[in-house]
Each structure stands twice: as structure tokens, then as C-alpha cells.
Amino acid sequence: MVSHVNDSNSKASETSQIAAEVVFVGNHCNFSDSLIAATSQELGGITSVLFDSFAKFRRMVGASQGSPRALVLDEPTLRGLSTDDREFIKGVADLSLGLAFTTWEFGIASHADPLFRSSRASLFPLNVRLDVWLSVVRLIAHGGNYVCPEVISTIKAEDHSPLAGDGSLTRRQMDVLRLVADGQSNKLIAETLGLSIHTVKLHLHNGSARLGARNRTEAALRYREMYR
């Protein structure tokens, strides 16, 4: 069973009457009716609700006898959390937290966030296949934990120790930019270095930023000027 509370003018009393075991908070571009309906069917007898604002989640928890077992937030909601909201999440007992990100940079940053690390938050991209989405949400609803492999591999691949004599680029950023300067595509770079394409893009993005480059071509030119 799933309920929708997405009217921005709905009264607090209406929201407070809702109790659910799994709560989704996000906009309809990310959590569509069809996605939530499919998720509700997958969860079976576990009740769920969709809110379009974190404030409604807070009102529900404040008015309910018990706490939900799981909370899944989309990236816009996560970006909009206040310090007080974050403290509120910490205060909800035995809450499984799921973070559905849109951009890889934000996903990786969320993995390093002390709040989300301490709560063992699950982390996964919104654009995964439906069967993967359903499996992940079902795992979260039952108290499990999942972090998508691409985030983990990116963090492991990123060597934050700069090379000797270089105070700017990490080793992996140097590797990626060297191959970019040689004219290789992201796919070829990924195959050469044994990385995912997402990881290559992240190293390229971060390396370009460190060089002050605005695009791939400028990053290649600056790399040639500085390191060749």
C-alpha cells in the first residue's frame, strides 16, 4: 500500500495522520507515480508513502506513535537539508537511510559525509534499472545496506597523495589527463586504466578543475603545457 502526499498546500493535520514503514521524499521527476507503485508492489505488505518535502516527513514522525523503518531521499532533497534536518534524521531510532543521487560527484561526496557514514546509509544512482532499484529499496526496507560498486571503486581508485614535485594533480588524475592529451576517448581510457567510465569522468572533472580548465580540450592543452 502506498500513499501520496504531494500537495504543497496540504494541512499538517492531514500529513500527521499518515503512518508508513517506508517513506520516500522527493519530487515527481525523480520518484514518479509508476516507480513508487512498482516499488510498493515489490514491498508487498510493507506500507509506504511519498512526500514532496522533508518538512512533511518531520510532521509525520512527530505525530506518529512509532518511527518508519526506512527513509529514501532524492538528491534535491538531500541538497536542501538544513543542519536541523540532519540532526532530526540522527534522532530517528533504527532508521535505514537510502540516498538516491543524480550526479556522481554528489554521490561520492555523500559517501564521505559523516552523518551518512555513521548511519550506514545506502547509496545508489536514480537511473539504475528498475529491477536493481526494486532490489535495493527492498534491501533498505528490511534494514540492509547497499553502496553502488561505482562509488566504491572510484574512492579506492582515487589516490589523494600528490606525486613528488607536484602539488596539484593526484596520480590517477595525471594518468587520465595524459591519455586525454593523447586524444583517447573516455571508453579507451577506462579500458587502458582498468576503470569504469564514470570513474574516468570523475578524475577528468576533478583534474580539469585543479588545472583551472573549463572543458576537455583546455584540460588537455594545460596538461601538455605543464607536464610535457
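As the structure is a prediction and not an experimental result, all values here were calculated from the model.

Cut-offs used in this document
Along each chain, the written sequence defines residue order, and numbers are assigned to residues from 1. Whole-chain, interface and lining totals are the exception, using all residues; otherwise, since this is a predicted model, local features are given only for residues with pLDDT of at least 70 and side-chain atom pairs are given and counted only at 80 or more. To obtain the side-chain values, all non-hydrogen atoms of the structure were included, while hydrogens and water were left out. Secondary structure is summarised from DSSP: a helix means a run of H or I of at least four residues, a strand means a run of E of at least two, and numbering begins at the N terminus for each. For every residue, the accessible area (1.4 Å probe, protein chains only) is compared with the maximum for its type, and the residue is labelled buried under 20%, exposed over 50%, or partly exposed between those bounds. The accessible surface values rely on the Shrake-Rupley method and a 1.4 Å probe; as for residues, cover is taken only from the protein chains in view. pLDDT is defined as a per-residue confidence score from the predictor, taking values between 0 and 100. In this analysis, two residues are considered to be in contact whenever any of their non-hydrogen atoms come within 4.5 Å of each other. Any Phe, Tyr or Trp ring, taking Trp's six-membered ring, that has another such ring centre within 6.5 Å forms a pair; planes under 30 degrees apart are called stacked, those over 60 apart edge-to-face, and the others tilted. Either the NZ atom of lysine or the CZ atom of arginine qualifies as a charge over a ring when it sits within 6 Å of the ring centre and within 35 degrees of the ring normal. A pair of strands is considered paired only if DSSP assigns at least 2 bridges between the two.

Participant: Explain the overall build of the protein here, please?
Facilitator: If you tally the helices and strands in the protein, you get 13 helices and 6 strands. Here the protein holds 228 residues, and 47% of them are scored as buried. Here the protein displays about 11400 Å² of accessible surface, and carbon together with sulfur accounts for 50% of that area.

Participant: Would you explain the confidence of the model for the protein in this entry?
Facilitator: When pLDDT is low, close inspection of the predicted coordinates is not appropriate. On average, residues of the protein score 83 in pLDDT, and 84% of them are at 70 or above. In the predicted structure, residues 7-13 sits below a pLDDT of 50 and forms 8 contacts with residues beyond four places in sequence or in another chain. Every residue in residues 163-167 scores below 50 in pLDDT, and together they form 4 contacts with partners more than four places removed in sequence or on other chains.

Participant: Would you explain the packing of aromatic side chains in this entry?
Facilitator: The geometry of an aromatic ring pair is captured by two quantities: the separation of the ring centres and the angle between the planes. This structure, assessed with the given rule, holds 8 aromatic pairs. Plain terms: the ring middles of Phe-31 and Trp-133 are 5.9 Å apart, the flat faces sit at 50 degrees to each other, and that makes the pair tilted. Here Phe-31, found in the loop between strand S2 (22-25) and helix H2 (33-43), pairs with Trp-133, found in helix H8 (residues 130-141); they are 102 residues apart in sequence, far enough to count as distant. Side by side, Phe-31 and Trp-133 carry an identical accessibility label, which is buried. Measuring from centroid to centroid gives 6.1 Å for Phe-57 and Phe-88, while their planes differ by 85 degrees, and the two rings are edge-to-face. Placement of the pair is Phe-57 in helix H3 (residues 54-63) and Phe-88 in helix H5 (residues 83-91), with a sequence separation of 31 residues. The pair Phe-57 / Phe-88 is uniform in exposure class, with both members buried. Three or more aromatic residues link up through ring pairs in this structure, and these residues are Phe-24, Phe-31, Phe-124 and Trp-133. For the cation-ring pair, Arg-86 lies above Phe-116, with the distance from its terminal atom to the ring centre recorded as 5.6 Å.

Participant: Would you mind showing me how to read the pairing of strand S4 (residues 70-74) here?
Facilitator: Walk down a regular strand and you will see the side chains alternate between the two sheet faces. Among the 5 residues of S4, 5 are classified as buried, and the element is accordingly described as predominantly covered. Residues Ala-70, Val-72 and Asp-74 line one face of S4 and the alternating positions Leu-71 and Leu-73 line the opposite face, and both faces are buried. Bridge count between S2 and S4: 4 bridges; the pairing is parallel. Bridged to Phe-24 within S4 is Val-72. Of the pairings in the sheet, the one linking S4 to strand S5 (residues 96-101) comprises 5 bridges and is parallel in character. Its bridge partner lying in S5, Asp-74 is registered against Ala-100.

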